[in-house]
Amino acid sequence: MDVMQLFGQADAIGRAVALLLLLMSVASWVVILWKAWLLRRASGDVGRSTAAFWQAPSLDDARGRVAGFDRDALVLPLIEATAAQQPGSLAAAGDRSQQLTRVLRDALHDVLDKLQFGQVLLATVGSTAPFVGLLGTVWGIYHALTGIASAGQISIDKVAGPVGESLIMTAAGLAVAIPAVLGYNIFGRRIGRIEADLEGFARDLRELVVHHAAGAA
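Residues numbered from 1 in each chain as written. Predicted model: local features only at pLDDT ≥ 70, side-chain atom pairs only at ≥ 80, totals over all residues. Heavy atoms only, no water.

*Asks:* Explanation requested: the packing of aromatic side chains in the structure shown.
*Replies:* Aromatic ring pairs are defined here through the distance separating the ring centres and the angle between the ring planes. Counted under the stated rule, the structure contains four aromatic pairs. Between phenylalanine 53 and tryptophan 54 the ring centres are 4.8 Å apart and the planes differ by 85°, which places this aromatic pair in the edge-to-face class. On the accessibility criterion, phenylalanine 53 (3% relative accessible area) is buried. Classification of tryptophan 54 by relative accessible area gives partly exposed; the value is 42%. Here the aromatic rings of phenylalanine 53 and phenylalanine 201 are separated by 5.1 Å at their centres, their planes lie at 85°, and the arrangement is edge-to-face. (Phe/Tyr/Trp six-rings, centres within 6.5 Å; stacked < 30°, edge-to-face > 60°. Buried < 20%, exposed > 50% of the residue type's maximum accessible area, 1.4 Å probe, protein only.)

What follows is the structure, given as structure tokens:
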């Protein structure tokens with residue numbers, strides 16, 4: 001019996017569970033493919049952008065050099081955050097070191113939000129898909145047994161077929177959840193490495209700007 005026959009024999013709840021699993025699978029695979037492309041490109045761009053920054057003769061020249069490598073705007077927001085704040089505002093309160101700590105922290109959070117996008121969806125699919133599949137299995141078994149009981153003829157061959165078909169929903173839930181869990185873990189490690197590089201760059205950038213401001217004063 002193929003998938004379309006199983007779908008056709010299911011009731012409204014069984015079809016809803018199957019469609020939900022399909023939507024979860026499509027959504028997770030779209031995120032997996034997109035994040036695999038994004039993080040692979042981002043890991044290379046961050047290394048090239050920071051190298052170009054430190055090879056530049058000045059901050060102004062560094063912005064232009066980094067812009068040529070930073071295609072996803074992961075490093076450039078940190079550099080732009082070091083611009084002087086408008087005088088007379090709370091953002092300009094305190095010494096230069098405190099200002100840089102605040103603006104670099106905020107810029108780093110924005111960049112990490114971009115890298116983390118989609119992780120919640122993968123975690124949600126990975127943790128809930130098995131239970132959605134189990135719900136489909138339980139409901140399918142109940143639906144099959146009530147149908148057999150109403151027919152008035154109960155035998156092993158009549159029970160084994162519908163129950164076995166209902167167990168497919170459990171396998172479908174696992175098939176949806178496993179790629180999402182693997183993607184979440186793999187991407188989490190990659191994001192952690194990029195985050196460490198960006199945090200190190202932000203710390204060095206802060207020290208550079210503070211030293212430059214002290215020298216200018």
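From this point, the narrative continues.
*Asks:* Is there a simple way to explain the nonpolar core in this structure?
*Replies:* Grouped burial of nonpolar side chains is what soluble globular proteins tend to show. One finds Leu21, Leu78, Leu115, Leu198 and Leu205 to be the most contacted residues of the largest nonpolar core, which totals 42 residues. Contributing elements (two or more residues each) for this core: helix 2 (12–55), helix 3 (59–69), helix 4 (76–80), helix 5 (96–116), helix 6 (119–151) and helix 7 (156–216). Broken down by element, the residue count for this core peaks at twelve residues, all from helix 7. In contact with leucine 198, not counting residues within four places along its chain, are Val46, Leu74, Val75, Leu78, Leu108, Val111 and Leu115. (Core = buried A, V, L, I, M, F, W, Y, C linked by side-chain atoms within 4.5 Å. Helix = DSSP H or I, 4+ residues; strand = E, 2+ residues; numbered from the N terminus. Contact = heavy atoms within 4.5 Å.)

Honestly, that's just the spatial picture; any functional story needs more than this.
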